[in-house]
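Spelled out, the chains give:
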Amino acid sequence: MEAIVPPEVTAELTQILSNLVLGDNQIRSNAEKIVDDRLSQTPELYILALAQFSTQADTEVMRSFSLVLLRRLLFRATSQSRLPLYDHLSSQSVATLERILLYSLLHEPASVVRHKAVDTVADLANQAMARGRPWHALQTQAFRMVEAGDVVTREAAFRVFAGSVNLIIDLQTEAIVGMLQKGLQDPESIEVRLAALRASVAFLAASDKAQQAQALALLYPMLSTLPALPHKHLPAFLTTLTPLASSDPALFEQHLRDLLAFLPPLIVPAVDAGPTPTVARPNPGAGGSFVFPPPVQNGQNGSGAGASGKGKAPEERDVDEEAEEVRKAALEFMISLSEARPGMVRRVDGWTAVVVRGCLEGMGEIPEDETEVWLEADPGEDPTDDTYPHVYEQSVDRLACALGGKAVLPSAFQYIPAMLASHDWRLRHAGLMAIAAIAEGTSKVMQEELGKVVELILPGFTDLHPRVRYAACQCIGQLCTDLEEVIQEQYHQQIFNALIPTLEAPEARVHAHAAAALINFCEGVERDTLIPYLDPIVERLLKLLNPASGSPKRYVQEQVITTLAMVADASEATFAKHYSSIMPLLLNILQNANGPDYRKLRAKAMECAGLIAIAVGRDVFRPDANTFVELLMRIQNSPPDLQDTMLTHYLIATWAKVCQAMGEEFEPYLPVVMSPLLAAAGTKTEVSVYEDAGDEPEDREGWEVMNMDGQHIGIRTSALEEKCQAFETLLIYSSTLGPRFVSYLTPTLELVLPNLRFFFHEGVREACALLVPVLFSCGKNSGALTSQIVSATLSQLITCIANEPDASFLASLYRAFSDSMRLLGGPSALPSELSDGVMEATKRQLQSLADKRKARAARPANQIEEEREDLTLIEEMEEFALEDMHKLLVAFDPNHPLLVAISSVRDLGLHLAQGDGEDEEWTEG
């Protein structure tokens with residue numbers, strides 16, 4: 001290709017790019033500055049030089065690097081304006097740039113560089129289309145490349161269509177399906193077939209329902225790419241299909257039987273029948289549109305995922321990495337499809353059973369030789385966590401949440417009892433962890449046979465292997481959360497008799513986890529149920545905190561202190577008998593636990609002391625209150641430790657607990673706590689906007705990236721949580737201190753009112769809605785509630801009511817208005833403009849709710865059925881809003897004319913019955 005830019009520019013650019021890839025930070029930084037300088041002075045020249053370099057550089061590395069850099073620079077905002085560099089190029093330069101890239105796309109000999117050219121070309125095509133400038137030359141060339149004689153060119157063509165689906169989405173569907181099918185059946189290259197599969201997925205995902213219906217025949221050749229593949233290529237193909245299974249599951253409905261014939265051998269390792277949890281391999285049958293395994297070729301073994309382990313006992317299995325990747329990809333595909341369309345897969349006999357079995361098999365594959373390492377490891381820094389089969393545990397959890405207990409429990413308990421009776425500790429461990437994993441999704445059905453489940457779990461607490469005892473603690477702890485109150489009420493004696501002795505287990509990992517499980521138990525237990533067990537629990541926890549010999553591991557101390565806090569919270573005043581044994585220990589930790597190694601221990605001690613203070617009451621706590629407060633003040637005023645991300649959260653929370661414990665006696669300390677608290681509540685949201693997904697920082701702790709209106713927005717969620725906590729703490733102070741909070745009434749209201757519309761965090765808005773009537777009460781009882789405050793506050797509430805799209809928060813706004821109005825003396829105390837305003841806002845909301853319900857009712861019946869659970873929840877939230885709306889109107893007039901409108905809106909609801917048959921019986925297999 002002829003030279004586009006002068007040779008001296010090319011020479012300089014060559015040197016700049018060479019410096020950019022060097023490891024020397026200073027040289028690289030200087031090169032970056034030169035790039036910025038050249039682009040600011042002569043952007044078109046250097047962009048074209050960079051494009052030309054991508055076709056002429058001597059090495060694959062430099063050609064690839066120039067394409068990546070070109071892509072990033074083109075759509076990065078310039079220093080002179082917020083517009084990307086691309087928008088500053090003349091039409092002639094754009095045309096030249098496109099011509100160079102088309103040349104690279106067609107003639108680049110190295111496949112790795114060709115892939116970079118595809119990425120850059122597709123990005124340029126998408127950006128051009130977004131600006132109303134379709135790239136017709138690329139479209140024409142890509143279609144010619146599909147017919148090329150060499151596989152690298154054909155693959156590049158399909159990669160372009162996958163990356164820029166706009167090139168084909170508006171063309172004749174039949175022609176596109178034919179073109180994609182030809183690529184899916186490419187006789188020479190797996191890479192071409194994979195690229196065609198990616199293009200097919202992109203095409204179907206971008207199509208509307210009518211276009212999908214026309215292209216439905218494409219699914220057969222897409223799925224038919226799978227059976228003949230060598231094992232190592234299956235993960236890439238399955239991973240390509242999985243997003244389509246999530247976004248458009250209905251496309252796969254007529255192929256489910258065939259998938260069920262193909263996928264099970266991939267996710268269930270082949271083993272001989274024996275005394276294992278899976279004593280016989282289910283055979284869903286052969287036949288259908290495609291078959292797996294493929295015929296044996298060239299003398300190779302064509303058996304399924306576990307061929308290498310055939311005939312081996314579980315402890316001898318050695319699943320190679322290749323087979324494991326296939327297994328995980330197949331499982332993820334089945335789980336994703338199950339989550340996306342639960343009703344569809346429930347109707348396919350054998351689907352749930354094989355996924356459950358695959359998960360349970362995988363959960364039992366823990367490396368045998370890591371127990372000693374596990375025992376010595378800190379749970380937060382456990383190297384064995386990397387080899388633990390998390391994927392399978394998470395998958396069965398997801399499946400249970402998607403399909404429910406009626407579908408999952410019979411399949412799971414076909415195997416779990418045998419697993420728990422196995423000679424292999426890994427299977428006993430897996431059985432217990434499986435019960436814990438499926439508890440959330442199957443709780444409604446599981447509780448009907450909860451006694452049998454508890455009987456299966458309890459032997460695990462006396463198992464010879466420490467990891468099985470650990471799993472028993474995990475299992476009971478999870479059940480206490482997922483079947484909260486039910487299991488505590490019915491089986492507290494059996495559970496306490498198992499958990500309390502486990503606090504004396506010789507292994508730190510085990511007794512610490514038993515203490516953790518007690519927290520889950522205490523969160524749902526009645527005080528009277530806990531009291532008989534209080535003394536032995538506290539006695540054993542104190543022994544762990546202060547053992548007779550040796551020093552406890554720090555993570556055990558942290559866990560014990562956390563458990564003591566929860567036990568104190570649950571037992572309330574009865575805990576006072578243990579106060580004198582525990583509070584001095586906690587104060588000693590706060591006094592002496594300094595330095596980075598003790599950050600978490602100090603935070604947990606603060607939390608525990610605060611909860612104990614609330615539990616025992618101010619009279620018991622009063623002698624230590626001053627010491628505790630002084631320690632908190634010393635910690636708060638210490639030089640900031642930027643690495644201690646927990647301190648602010650725990651300090652704010654502990655001050656709030658001290659206030660609750662001391663009541664009105666806390667007032668003198670308000671000046672100490674309010675300044676940082678108001679600052680935290682007033683924190684502005686930190687937001688970062690990224691040019692594209694590739695610019696997002698990886699693993700940026702405390703940040704979350706979301707897509708809003710096509711932009712990638714990063715939000716510092718850690719700051720949002722601090723802001724929410726600040727408002728919740730303001731609620732505690734104002735409600736506890738009442739009129740004594742009056743000095744901070746105005747600055748608090750000034751933060752509350754604008755944050756009623758803080759859409760980044762629901763918790764902030766809910767706390768602000770709760771604060772309004774509490775602050776009104778504070779102002780009224782202190783004589784500081786002026787008509788200006790009333791008018792400004794209620795006007796803001798009315799504005800929020802009129803415009804609130806979320807039915808759940810709308811109910812909170814109505815409650816805030818009603819409670820505030822009641823404090824003022826009822827509707828008669830409101831000026832007419834406020835009364836009229838809230839009525840107009842209510843009319844607007846009633847119309848909005850009516851429109852939403854009509855739109856829902858107009859949906860196809862099958863769509864309503866598939867989304868039954870979500871729609872039921874939405875309408876339940878709307879009913880709460882309508883109920884609070886009703887209460888407000890009745891306060892104005894028991895016969896208010898808008899009450900009829902509320903009834904009419906209620907009648908428009910779908911009135912879907914809750915549940916999906918989860919209450920039907922299940923039996924163990």
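The structure displayed is predicted, hence computed values, not measured ones.

Definitions and cut-offs
Residues numbered from 1 in each chain as written. Predicted model: local features only at pLDDT ≥ 70, side-chain atom pairs only at ≥ 80, totals over all residues. Heavy atoms only, no water. Helix = DSSP H or I, 4+ residues; strand = E, 2+ residues; numbered from the N terminus. Buried < 20%, exposed > 50% of the residue type's maximum accessible area, 1.4 Å probe, protein only. Contact = heavy atoms within 4.5 Å. Salt bridge = Lys/Arg side-chain N within 4 Å of Asp/Glu carboxyl O. Core = buried A, V, L, I, M, F, W, Y, C linked by side-chain atoms within 4.5 Å. pLDDT = per-residue confidence, 0-100. Axes fitted to C-alpha atoms, helices over the stretch in contact; angles between N-to-C directions. Parallel < 35°, antiparallel > 145°, perpendicular 65-115°, else oblique. Left-handed = near helix turned anticlockwise from the far one by under 90°. Nonpolar A, V, L, I, M, F, W, Y, C, P; charged D, E, K, R; others polar. Phe/Tyr/Trp six-rings, centres within 6.5 Å; stacked < 30°, edge-to-face > 60°. Lys NZ or Arg CZ within 6 Å of the ring centre and 35° of its normal. Expected span 1.5 Å × (residues − 1).

(A) Seen up close, the overall build of the chain. Looking only at helices and strands, the chain has 43 helices and three strands in total. Relative to its 925 residues, the chain shows a buried fraction of 52%. Partitioning the intrachain contacts of the chain with sequence separation of at least 6 by distance along the chain shows that 74% fall at a separation of at least 24.

(B) Looking closely at the pattern of salt bridges. Taken as a whole and assessed by the stated rule, the structure comprises 49 salt bridges. Of the charged contacts, one joins Glu253 and Arg347 as a salt bridge, the two residues approaching to 3.5 Å between their closest N and O atoms. Of this pair, Glu253 sits in the loop between α14 (234–247) and α15 (256–262) while Arg347 sits in the loop between α18 (342–346) and α19 (351–363), and the two are 94 residues apart along the sequence. For Glu253, a relative accessible area of 39% puts it in the partly exposed group. Glu883 is the partner of Arg906 in a salt bridge, and the nearest nitrogen-oxygen pair spans 3.1 Å. Of the two residues, Arg906 is situated in helix α43 (residues 898–907) and Glu883 in helix α42 (residues 868–892); the sequence distance between them amounts to 23 residues. For Glu883, a relative accessible area of 34% corresponds to the partly exposed category. Several salt bridges share partner residues, and in doing so they unite Arg853, Arg856, Glu875, Glu878, Glu879, Glu883 and Arg906 into one network.

(C) Region of the structure containing the nonpolar core. Phe252, Phe621, Phe666 and Tyr733 are the most contacted members of the largest nonpolar core, which has 297 residues in total. The element best represented in this core is helix α23 (residues 425–446), accounting for twelve residues. Once residues lying within four places of it in the same chain are set aside, the contact partners of Tyr733 are Trp655, Ala656, Cys659, Phe666, Leu670, Val673, Met674, Leu677, Gly738 and Phe741.

(D) Main features of the confidence of the model for the chain. Across the chain, the average pLDDT comes to 88, with 90% of residues at 70 or higher. Within the model, pLDDT remains below 50 along residues 272–319, and this stretch shows 83 contacts once partners closer than five positions in the same chain are excluded. Taken together, the stretch residues 914–925 has pLDDT below 50 and engages in 35 contacts with residues farther than four places along the chain or on a different chain.

(E) Geometry of the packing of helix α4 (residues 60–74) against helix α6 (residues 111–130). Where α4 meets α6, the axes come as close as 9 Å, and the angle between the chain directions of the two elements is 15 degrees. By the criterion of interaxial angle, the relationship of α4 to α6 is roughly parallel. In this structure, α4 meets α6 at a crossing whose hand is left-handed. Here α4 contributes Glu60, Arg63, Ser64, Leu67, Val68, Leu70, Arg71 and Leu74 to the contact with α6, which in turn contributes Val112, Val113, Lys116, Ala117, Asp119, Thr120, Asp123 and Leu124. Residues belonging to the contact of α4 with α6 are distributed by class as follows: eight nonpolar, two polar and six charged.

(F) Representation of the packing of aromatic side chains in the model. Per the counting criterion, the structure on display carries twelve aromatic pairs. Ring centres of Phe741 and Tyr744 lie 5.9 Å apart, and the angle between their planes is 40 degrees; on these two criteria the pair is classed as tilted. For the residue pair Phe741 and Tyr744, the accessibility class agrees, reading buried in each case. By way of ring pairs, the aromatic residues Trp655, Phe666, Tyr669 and Tyr733 are connected into one cluster. For Arg554, the ring lying beneath its charged end belongs to Tyr598, and the centroid distance is 4.7 Å. Sitting over the face of the ring of Phe758, Lys723 holds its NZ or CZ atom 4.9 Å from the ring centroid.

(G) Main features of the packing of helix α17 (residues 321–340) against α19. One way to put it is that α17 packs onto α19 with a least axis distance of 11 Å and a crossing angle of 135 degrees. The pairing of α17 with α19 is recorded here as oblique in orientation. Along this stretch, α17 crosses α19, giving a crossing that reads as left-handed. Across from Arg327, Leu331, Met334, Ile335, Leu337 and Ser338 in α17, the residues of α19 making contact are Trp351, Val354, Val355, Gly358, Cys359, Glu361 and Gly362. Of the residues in the contact of α17 with α19, the class split is eight nonpolar, three polar and two charged.

(H) Local environment of helix α29 (residues 554–571). Over its 18 residues, α29 runs 26 Å from end to end, which matches the ideal 26 Å to within 8%, given 1.5 Å per residue. In terms of residue burial, α29 counts as a mostly covered element, since 15 of its 18 residues are buried. Taken from the residues just after α29, Glu572 is the one with a positive phi, measuring 60 degrees.

(I) Quick look at unusual backbone geometry. Even without glycine at this site, Glu572 takes up a positive phi of about 60 degrees. Among the structural elements, Glu572 can be located in the loop between α29 and α30 (579–592). Residues other than glycine seldom take positive phi values, yet His911 does so here, at roughly 50 degrees. With respect to the helices, strands and loops of the structure, His911 is situated in the segment after α43.

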